[in-house]
Amino acid sequence: MKLRLAAAIALSVGMSPAFAVNILLSNDDGLTSNLKALYDALKADGHDVIVSVPCSGQSGRGAAIVMYSTATIIADNDKTQIEAEGGCHNGAAAIGAPAVGPFTKAGYTGGDFHYVHGTPVMATMYGLDVLATARWNKAPDLVLSGPNEGQNVGRVVVSSGTIGNAQFAAGRGIPAIALSAGTDTVDNTGLANPNSAIVAQLSVKLLKALQAKAGSTALLPAGVALNVNFPNAPTANLGWAFSRHGSYDLYNLKFKNTVPYGIGAGLPAAASPEQAEDEAVVYKTKVAVTAMQVGFDHRPAGQQWLRLRLRDLLNQ
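Figured I'd write up the structure that's included with this text. This structure is a prediction, so every number in the text was calculated from the model and none was measured.

## A short note on the nonpolar core
- In terms of nonpolar packing, the biggest core is built from 47 residues, with Leu144, Ile177 and Val228 touching the most fellow members.
- Not counting residues up to four positions away in its chain, the partners in contact with leucine 144 are Ile23, Leu24, Leu25, Ser26, Leu38, Leu42, Ile177 and Leu179.
- Val121, Met125, Ala132 and Met292 belong to the second-largest nonpolar core, a separate cluster that totals 23 residues.

Structural data, given as structure tokens:
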């Protein structure tokens, strides 16, 4: 009896710390219902979490490395949101606050939430180089980017700040996952959209599945990051499916050559059978999980093609 009790205690004590990891949580939207829900879910599961997000919404900034101010939050570089809200998105910090720093919004001042008046990658970089070093004296075990307010599927992912964060972290050799949900997760009033809570729990489920297979090794192999897309109106019992970045796009984006200039979008043709596993198709009914390569280096076959095609030139 004593042996069984001791074994049970050892197992219960061993499981929690072994599976608790240090996580940097970023996004390209700033303070959102999705961010709050995922932070709460990760903390409830025992993880140590630091948040570092852009002051204002930065969708479509991709991997841009830009600070909008070197001193304080100013309105001039983001009139559409900073001026309208009087500071960072959903009141995270006010105009005139330092360009980087902890949230000043009530309820978010415990030391885990931070903003950067810059692009998403700048927020991720701040989290890695300043916050993680101060908290853990090392890089985080995992970087989570999102969940975004809108899916990141098709070839538009190259423009996504959510994807840019994950790629930047993975380029440093840190396991990284981009998470994207539907726009039906927005709640700028209470920051408590019930869909956000479901996406957060599903994200924790994914993390547990990765941990169960990884054991004491890294959650993801070197050179691999994940892009995960949740469908609209998510439910707790959603199915999961392998997907890929394919040729099927959610929108047919084009330059709109009318004033005011911008982006025009049309729906693409129906997906072909060959596109059945493209994440832009899969995410409609299941959680689409896609493996991304890190950076732009091509597979060995592509490298060999280049060697042969330009053999004479490259041997000069």
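We are not done yet, so read on.
## Side note on empty space enclosed by the protein
- A full pass over the atoms with the stated rule returns one cavity of 30 Å³ or more.
- The space that makes up the largest cavity amounts to roughly 40 Å³.
- Forming the walls of the largest cavity are Leu142, Leu144, Ile177, Leu179, Ser203, Leu206 and Leu207.
- Looking at the lining of the largest cavity, the elements that each hand over two or more residues are strand 5 (142–149), strand 6 (176–181) and helix 6 (194–214).
- Top element by residues in the lining of the largest cavity is helix 6. It accounts for three residues.
- Across the lining of the largest cavity, the residue classes break down as six nonpolar, one polar and no charged.

## Details of the side chain of glutamine 211
- With respect to the helices and strands, the residue glutamine 211 is situated in helix 6.
- Once you skip the residues sitting within four places of it in the chain, glutamine 211 turns out to touch Phe19, Val21, His47 and Leu219.

## Considering the pairing of strand 1 (residues 22–26)
- Most of strand 1 is tucked away, with five of its five residues classed as buried.
- Neither face of strand 1 is open: one carries Asn22, Leu24 and Ser26, the other Ile23 and Leu25, and all of them are buried.
- Of the pairings in the sheet, the one linking strand 1 to strand 2 (residues 48–54) comprises four bridges and is parallel in character. Residue pairing for strand 2: leucine 24 is matched across the bridge by isoleucine 50.

## Quick word on helix 5 (residues 161–171)
- Counted residue by residue, helix 5 has eight buried out of 11 residues, so it is predominantly covered.
- Within the span of helix 5, buried status applies to Gly161, Thr162, Ile163, Gly164, Asn165, Ala166, Ala169 and Ala170.
- Looking at the buried residues of helix 5, the elements they touch are strand 1, helix 4 (120–136), strand 5, strand 6, strand 7 (224–229) and strand 11 (287–293).
- The N-capping residue of helix 5, defined by a side-chain oxygen 3.1 Å from the backbone nitrogen of threonine 162, is serine 160.
- Looking one or two residues past helix 5, glycine 173 carries a phi angle of roughly 85 degrees, positive in sign.

## A closer look at the packing of aromatic side chains
- According to the stated counting rule, one finds six aromatic pairs in the structure shown.
- Linked through ring pairs, Tyr39, Phe103, Tyr108 and Phe113 together constitute an aromatic cluster.

## Structural notes on the state of the cysteines
- According to the stated counting rule, one finds one disulfide in the structure shown.
- Here cysteine 55 connects covalently by a disulfide to cysteine 88, the sulfurs 2.2 Å from one another. Between cysteine 55 and cysteine 88 the sulfur-sulfur dihedral comes to about -110 degrees; the bridge is accordingly left-handed. Taken together, the positions of cysteine 55 in the loop between strand 2 and helix 3 (79–85) and cysteine 88 in the loop between helix 3 and strand 3 (100–102) put the pair 33 residues apart, joining distant regions of the chain.
- The exposure class assigned to cysteine 55 is buried, which follows from its relative accessible area of 2%.

## Some points on the pairing of strand 11
- The element strand 11 is largely enclosed, with a buried count of five among its seven residues.
- Where strand 8 (residues 240–243) lies against strand 11, four bridges are found, and the strand directions are parallel. Each bridged residue has a counterpart across the sheet, and for tryptophan 240 the counterpart in strand 11 is valine 287.

What counts, and at which threshold
- Residues numbered from 1 in each chain as written.
- Predicted model: local features only at pLDDT ≥ 70, side-chain atom pairs only at ≥ 80, totals over all residues.
- Heavy atoms only, no water.
- Core = buried A, V, L, I, M, F, W, Y, C linked by side-chain atoms within 4.5 Å.
- Buried < 20%, exposed > 50% of the residue type's maximum accessible area, 1.4 Å probe, protein only.
- Contact = heavy atoms within 4.5 Å.
- 1 Å grid on protein atoms, 1.4 Å probe; cavity = no way out; pocket = protein on both sides within 12 Å on 5 of 7 lines; lining within 4 Å.
- Points joined across faces, edges and corners; volume = space filled by probe spheres on them.
- Helix = DSSP H or I, 4+ residues; strand = E, 2+ residues; numbered from the N terminus.
- Nonpolar A, V, L, I, M, F, W, Y, C, P; charged D, E, K, R; others polar.
- Pairing = 2+ DSSP bridges.
- Polar contact = N/O pair within 3.5 Å; in protein donor to acceptor, adjacent residues only side chain to side chain.
- Phe/Tyr/Trp six-rings, centres within 6.5 Å; stacked < 30°, edge-to-face > 60°.
- Disulfide = S-S within 2.5 Å.

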